[in-house]
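An overview of the molecular structure
Each chain is listed here by its residues.
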Amino acid sequence: MANQRTVAVLGPGGTGGLLAALLSRSGHRVVCLAREHTADTLRRTGITVRSAQFGEFTAPVEADTELREEVDTCLITVKHTALDAALTRIPPTALADALVVPLLNGVEHPAALRARYRADRVAPAVIRVESTRVASGVIEHGSPFTEIDLAGDGVPRARLDALAALLTAAGTTARTTGDETATLWAKMAFLAPFALLTTRYGLPLGEARTRHRDELEALVAETAAVSRACGAPADPARALARYDAFPPGAKSSMQRDAEAGRPLELDAIGGALLRAAERHGVPAPVAARLVRELRDAGH
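Quick caveat, the model's predicted, so the values are computed rather than measured.

1. Some details on the sheet that holds strand β8 (residues 125-128)
- Taken together, three strands build an open sheet; the order of strands is β8-β11-β12 and the sheet is mixed. Since the sheet does not close on itself, it has two edges, and those belong to β8 and β12 (173-176), each with one partner. Neighbour-to-neighbour, the strand axes of this sheet turn through a mean angle of 15 degrees, independent of strand direction.
- Note that β8 and strand β11 (residues 147-150) share four bridges and pair antiparallel. Residue pairing for β11: V126 is matched across the bridge by D149.
- Where helix α6 (residues 157-169) meets the sheet, it contacts β11 and β12, and its direction lies at approximately 170 degrees from that of β12.

This is the structure we're talking about:
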């Protein structure tokens, strides 16, 4: 394939596994970086995706415990709670000129990545998808969409546009945005209310948005106010409309982690929201209460 690219995927879980499989199916070389057991499984079985949007298919991938060669792009798709440990799998010297594309929740991780890798090659992105790893190399994709916004202040626009085209050709809906802060906060303003509310009450979105509508609206208003204070536009009405358009059985990744007994990205989402609110003097009482109650519950 004349336009084949080599893409590393750090963390082939729900999001990373889906993207790795789609890119492989599209004809690109994919190297998944994971623990030894997971890497062994992926080398043997590839990645199987079950999806209403993409169908059911299995795609071959390469796998290793550490990046040992130059690649065109490195997607970072681990949970925030595992980021520090996972980054040891990507020595800065191995990346060379590669784009580093974190698809993480929250807004504070780009600074840490720029301190470790080339600042002009770190391209934060957000992804809107519901996708879960049900076993090593087996991904269930539940949402009827897979949307990616690529940003990166200081990253050459041509590099971002080329990656957006590559991801779109693989089956996602990817685009380049012009404002990193606006891109990250657009995701945060949607994700924080979704994650905090569904996790606190242990309910799928359909029930949460009905039974706790007042809290949802208050959370949306609070996060929109913080987003605007950080310099990013926010539209509460549009956010509420998106919640209402989601399948009623949708669960946030934080809720799924709570159900499975895994560490929560509570600090990366709720904590970061409250820190930004405090910096800018924006009241966020409902968010603060939900974060406190989740922490009091042992999360």
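2. What about the packing of aromatic side chains?
- For the structure on display, the rule yields five aromatic pairs.
- When the centroid spacing of 6.0 Å and the interplanar angle of 55 degrees are considered together, the rings of F190 and F194 count as tilted. Separated by four residues within a single helix, F190 and F194 lie in helix α7 (residues 180-201), roughly one turn from each other. The two residues F190 and F194 agree in class, both being buried.
- Ring centres 5.9 Å apart and planes at 70 degrees place the aromatic pair F194 and F246 in the edge-to-face group. In this pair, F194 is assigned in helix α7 and F246 in the loop between α10 (236-245) and α11 (253-260), connecting sequence segments 52 residues apart.

3. What to know about the nonpolar core
- Counting residues in hydrophobic clusters, the biggest one holds 43 residues, and the most contacted among them are W185, L196, V226 and Y243.
- When contributions to this core are tallied by element, the ones reaching two or more residues are α7, α8 (205-211), α9 (213-229), α10, α12 (266-280) and α13 (285-296).
- Counting residues per element, this core draws most heavily on α7, at eleven residues.
- Counting residues in hydrophobic clusters, the runner-up holds 37 residues, among them L19, L23, V30 and L167.

4. Quick look at the side chain of T172
- By the secondary structure assignment, T172 is in the loop between α6 and β12.
- Within the structure, the side chain of T172 is placed 2.9 Å from the backbone oxygen of L167, a separation counted as a polar contact.

5. Thoughts on the sheet that holds strand β4 (residues 55-59)
- In spatial order, the strands read β4-β3-β10-β9; together these four strands make up an open sheet with mixed pairing. On the outer flanks of this sheet lie β4 and β9 (131-135), each paired with one strand and no other. In this sheet, adjacent strand axes meet at a mean angle of 20 degrees when their direction is disregarded.
- Here strand β3 (residues 47-51) runs beside β4; their pairing, made up of five bridges, is antiparallel. Within β4, the residue paired with R50 across the bridge is E56.
- Contacts between helix α1 (residues 14-25) and the sheet are confined to β3, β4, β9 and β10 (138-141), with β4 contributing the most and set at about 80 degrees to the helix.

6. A look at the environment of A59
- Here A59 lies in strand β4.
- Spatially, the C-alpha atoms of A59 and V30 are 9.9 Å apart, while their sequence positions differ by 29 residues.
- Ignoring sequence-local partners within four residues, the contact set of A59 consists of A21, S24, R25, G46 and I47.

7. Remarks on the state of the cysteines
- Following the criterion strictly, the structure yields zero disulfides and no others.
- Left unpaired, C74 is separated from the closest cysteine sulfur, that of C32, by 11 Å.
- A relative accessible area of 0% places C74 in the buried class.

8. A closer look at the pairing of β11
- As judged from the four bridges shared by β11 and β12, these two strands associate in the parallel manner. Of the residues in β12, the one forming a bridge with D149 is R175.
- After leaving β11, the chain enters α6 and then returns to the sheet as β12, a path that is right-handed.

9. Structural notes on the packing of α9 against α13
- Orientation of α9 relative to α13, taken along the N-to-C sense of each, is 110 degrees, at an axis distance of 8 Å. Taken as axis vectors, α9 and α13 run roughly perpendicular relative to one another. Every residue of α13 that contacts α9 at E215, A218, L219 and E222 is listed here: P285, V286, A287, R289 and L290.

10. Considerations on unusual backbone geometry
- Backbone geometry at A96 places phi at a positive 50 degrees, although glycine is not the residue there.
- Within the secondary structure, A96 sits in the loop between α4 (92-95) and β7 (99-102).

11. A few points about the pattern of salt bridges
- Inspection of the entire model under this criterion finds 29 salt bridges.
- The shortest N-O distance in the salt bridge between R211 and E207 comes to 3.0 Å. Here E207 and R211 lie together in helix α8, a separation of four residues that amounts to about one turn.
- We classify R211 as exposed; its relative accessible area is 57%.
- A residue is classified by how much of its surface remains accessible, and E207, at 35% relative accessible area, is partly exposed.
- Across the pair K251 and E259 runs a salt bridge, and its minimum N-O distance is 3.1 Å.
- With relative accessibility at 48%, the residue E259 sits in the partly exposed group.
- Connected through salt bridges with shared partners, the residues D97, R118, D120, R121 and R159 form a single ionic network.

Cut-offs and rules
- Residues numbered from 1 in each chain as written.
- Predicted model: local features only at pLDDT ≥ 70, side-chain atom pairs only at ≥ 80, totals over all residues.
- Heavy atoms only, no water.
- Pairing = 2+ DSSP bridges.
- Helix = DSSP H or I, 4+ residues; strand = E, 2+ residues; numbered from the N terminus.
- Axes fitted to C-alpha atoms, helices over the stretch in contact; angles between N-to-C directions.
- Contact = heavy atoms within 4.5 Å.
- Phe/Tyr/Trp six-rings, centres within 6.5 Å; stacked < 30°, edge-to-face > 60°.
- Buried < 20%, exposed > 50% of the residue type's maximum accessible area, 1.4 Å probe, protein only.
- Core = buried A, V, L, I, M, F, W, Y, C linked by side-chain atoms within 4.5 Å.
- Polar contact = N/O pair within 3.5 Å; in protein donor to acceptor, adjacent residues only side chain to side chain.
- Disulfide = S-S within 2.5 Å.
- Right-handed = clockwise from strand over helix to strand, strands pointing away.
- Parallel < 35°, antiparallel > 145°, perpendicular 65-115°, else oblique.
- Salt bridge = Lys/Arg side-chain N within 4 Å of Asp/Glu carboxyl O.

The quantities given are spatial measurements derived from coordinates; they are silent on function.
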